[in-house]
Amino acid sequence: MTSSERGRTMAQADTAEPARDSVDSREADAGTRPAGNRRDSGAGTWRAVVHRAIRVSSRPEPWKRGPVLAALALLLGLLMLLHARIPNRTGGLGSLVETFLPWFGLFIPVLITAALWRRSASTVVALLLPVMVWLNLFGGLLGDKSHAGGDLTVAGHNVGADNPDPAGTARDLAASGADVLALEELTAQDRGIYEKGLAKAYPFHTVQGTVGLWSKLPLSDTRPVDTEMDAGPLGAAKPADVKLAYNRALRATVATDNGPLAVYVAHLGSVRVTPRTGFWTDSRDRNARALAKAVAAERNEHVVLLGDLNGTMDDRALSGITSQLHSAQDTAGDGFGFTWPARFPVARIDQILVRGVEPDSSWVLPATGSDHLPVAARISW
């Protein structure tokens, strides 16, 4: 090897050694680097993701995609926000929408999925409206607001005129532990069965037409309540005993340890959906107005209304009642508390409403032979 070759070899060795030192130094630094630097790396990754999302959203394409989806999201939000403005003159459309108003929230995840599939930024932003409106209307029902305590347990049940097992229904209701029990849709054939089945648990009771009240505590001042079942001069001319046979509301005073409690039991007129009339609610609405007048005239400051109102708390037709009384389920329940139909409940039309007492808890009882579910609540003074 010549002297010049030996010189080049030594020079290469000299430069290789610092390179190895540099690698060793980096490895040592990596082994001794504080954990905070690794967190900085993670934060940098998140910053990169955010920056990328900003860059993507700043492009015009995501905002131009899905204009129909964005319009549907806005319409959904406006429908829920302005449901009270939907006219009721045409086939009772307003009441129909309000009966099933909570279920409109199911369209939100459908639209969110479609927006993500289309990568439509405009739809995602538009969906903020229905989300906020739905949460404002029904978000308070998602949690359990019940708490321990209560002076009295009240329960109500539309037992169903076609109930195949009234005796079994009476046993189930007697086992519920309710102090005061209201029944609706009693038939002349089944009345005796309920009276016999409930006699041991409830020594006091009154039946006024198709509604009844059973109590462990003494009852007084029991009377039917006129909910204008008959409209017009012909209805007004019917004898009182004839009207009593199909009477659908009553009022009684329950003697409690905390003083007298006025209890109303009511079964408002049925609603029907027909091709000719749409959502027909004429008798229900007339009954609701008459019941609201009776409650307004009540002098006792402690009032409970139990009944099948054939309407939800959002239905404008019940506003005369709901403006005076508040829902035990809304105040102290767990969830929506749907009661009808019993096999797959989609609406809460069986209500417990109060004034002058406080609900501590409210719940739905197990199914009986009826097409409605029973409801119960604990109240205190």
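Residues numbered from 1 in each chain as written. Predicted model: local features only at pLDDT ≥ 70, side-chain atom pairs only at ≥ 80, totals over all residues. Heavy atoms only, no water.

### Re the pattern of salt bridges
To be explicit about the condition: By salt bridge we mean one thing: a side-chain nitrogen of Lys or Arg within 4 Å of a carboxyl oxygen of Asp or Glu. Starting at the N terminus, helices and strands are each numbered in turn, a helix being any DSSP run of H or I of at least four residues and a strand any DSSP run of E of at least two. Think of it in three bands: with a 1.4 Å probe and only protein chains considered, a residue is buried below 20% of the maximum accessible area for its type, exposed above 50%, and partly exposed in between.
This structure, assessed with the given rule, holds 8 salt bridges. Residues Arg316 and Glu98 are paired through a salt bridge, measuring 3.1 Å at the closest nitrogen-oxygen approach. Separated by 218 residues along the polypeptide, Arg316 in the loop between strand E10 (303-308) and helix H14 (319-322) and Glu98 in helix H5 (residues 93-99) bring together distant segments of the chain. According to the relative accessible area criterion, Glu98 is buried, its value standing at 1%.

### Focus on the sheet that holds E10
Note the cut-off: If DSSP finds at least two bridges between two strands, the strands pair.
Ordered in space as E5-E6-E7-E10-E12-E11, the 6 strands form an open sheet in which the pairing is mixed. At either end of the open sheet lies a strand with only one pairing partner, and these are strand E5 (219-224) and strand E11 (326-327). Relative to strand E7 (residues 259-267), strand E6 (residues 249-256) runs antiparallel, the two sharing 8 bridges. Pairing of Thr256 across the sheet is with Gly259, part of E7.

### A closer look at the nonpolar core
Quick note on the threshold: Nonpolar core, defined: a set of buried Ala, Val, Leu, Ile, Met, Phe, Trp, Tyr and Cys residues in which side-chain atoms within 4.5 Å join the residues together. Contact criterion: two residues are considered in contact whenever any of their non-hydrogen atoms come within 4.5 Å of each other.
Counting 21 residues, the largest nonpolar core has Val154, Leu213, Leu261, Val304, Ile352 and Ile379 as its most contacted members. Elements that contribute at least two residues to this core include exactly strand E1 (152-158), strand E2 (180-184), strand E4 (211-215), E6, E7, E10, strand E12 (350-355) and strand E14 (375-380). Apart from the residues within four sequence positions on either side, Leu261 is in contact with Leu152, Ala252, Thr253, Val254, Thr256, Asn300, His302, Val303, Val304, Val357, Ile379 and Trp381.

### A look at helix H6 (residues 107-118)
To keep things clear, this is the line we draw: Here the expected span of a helix is defined as 1.5 Å times the quantity of residues minus one. This arc is taken over the directions from the axis of the helix to the C-beta atoms.
Here H6 is 12 residues long and its end C-alpha atoms lie 16 Å apart, about the 16 Å a rise of 1.5 Å per residue gives. By the burial criterion, the buried members of H6 are Ile108, Leu111 and Ala115. In an axial view of H6, the angular spread of the buried residues amounts to 65°, which keeps them on one side of the axis. Facing away from the buried surface of H6 by more than 90 degrees, the exposed residues are Val110, Thr113, Leu116 and Trp117. The secondary structure elements touched by the buried residues of H6 are helix H4 (67-81), helix H7 (121-126) and helix H8 (128-138). The positive-phi residue at the C-terminal boundary of H6 is Arg119, with phi of around 55°.

### A look at the pairing of E2
To be explicit about the condition: By convention, a crossover is right-handed whenever its connection, traced from the first strand over the helix to the second and viewed with the strands pointing away, goes clockwise.
In terms of burial, E2 is a largely internal element, 5 of the 5 residues being buried. Side chains Val180, Ala182 and Glu184 of E2 all project onto a buried face; the interleaved residues Leu181 and Leu183 project onto the opposite face, where all are buried too. Note on the crossover from E1 through helix H9 (residues 166-174) to E2: the handedness is right-handed.

### A word on unusual backbone geometry
Of the consecutive residues Trp340 and Pro341, the connecting peptide bond is found in the cis state with omega at -15°. Its location among the elements puts Pro341 in the loop between helix H15 (328-332) and E12.

### A look at the packing of H4 against H8
Filter applied, for reference: Structural elements are reduced to axes, namely lines fitted to C-alpha atoms, with helices fitted over the stretch in contact, and the angle between N-to-C directions of any two is expressed from 0 to 180 degrees. Oblique is the label for any angle not under 35 degrees, not over 145, and not in the 65 to 115 range, which are roughly parallel, roughly antiparallel and roughly perpendicular in turn. By convention the crossing between two helices is left-handed if the near helix lies anticlockwise of the far one by an angle smaller than a right angle, and right-handed if it lies clockwise.
One can describe the packing of H4 onto H8 by two numbers: an axis separation of 8 Å at closest approach and a directional angle of 25°. As judged from the angle between their axes, H4 and H8 are roughly parallel. Classified by chirality, the crossing of H8 by H4 is left-handed. When H4 is examined against H8, the residues Ala73, Leu74, Leu76, Gly77, Leu78, Met80 and Leu81 are found in contact with a partner set consisting of Leu129, Pro130, Val133, Trp134 and Leu137.

### A closer look at the sheet that holds E1
Strand order in the open sheet formed by 6 strands is E3-E4-E2-E1-E14-E13, and the pairing between neighbours is mixed. Strands at the two margins of the open sheet, each flanked by one partner only, are strand E3 (204-208) and strand E13 (358-364). Along the sheet, successive strands turn relative to each other by an average axial angle of 15°, direction set aside. As paired elements, E3 and E4 share 5 bridges and run antiparallel to each other.

### Thoughts on the confidence of the model for the protein chain
The cut-off we apply is this: The predictor reports its confidence for every residue as pLDDT, a score running from 0 up to 100.
On average, residues of the protein chain carry a pLDDT of 88, and 84% of them reach 70 or more. Across residues 13-32 the pLDDT falls below 50, and counting only partners more than four positions away or on other chains, this stretch makes 0 contacts in the model.

### Description of the environment of Val304
In this fold, Val304 is placed in strand E10. Its relative accessible area of 0% is what places Val304 among the buried residues. Between the alpha carbons of Val304 and Arg251 there is a distance of 9.9 Å; along the sequence they are 53 residues apart. Excluding its chain neighbours within four sequence positions, the residues that come into contact with Val304 are Val154, Leu261, Ala262, Val263, Tyr264, Ile352, Leu353, Val354, Val357 and Ile379.

### Side note on the pairing of E4
The element E4 is largely enclosed, with a buried count of 5 among its 5 residues. In E4, alternate side chains face the same way, and those of Val211, Leu213 and Ser215 on one face and Gly212 and Trp214 on the other are all buried. One ladder, built from 5 bridges, connects E2 with E4; its direction is antiparallel. In the strand pairing of E4, Leu181 is matched with Trp214. Counted along the chain from E3 to the antiparallel partner E4, the turn is 2 residues long, and its residue Gly209 has a positive phi close to 75°.

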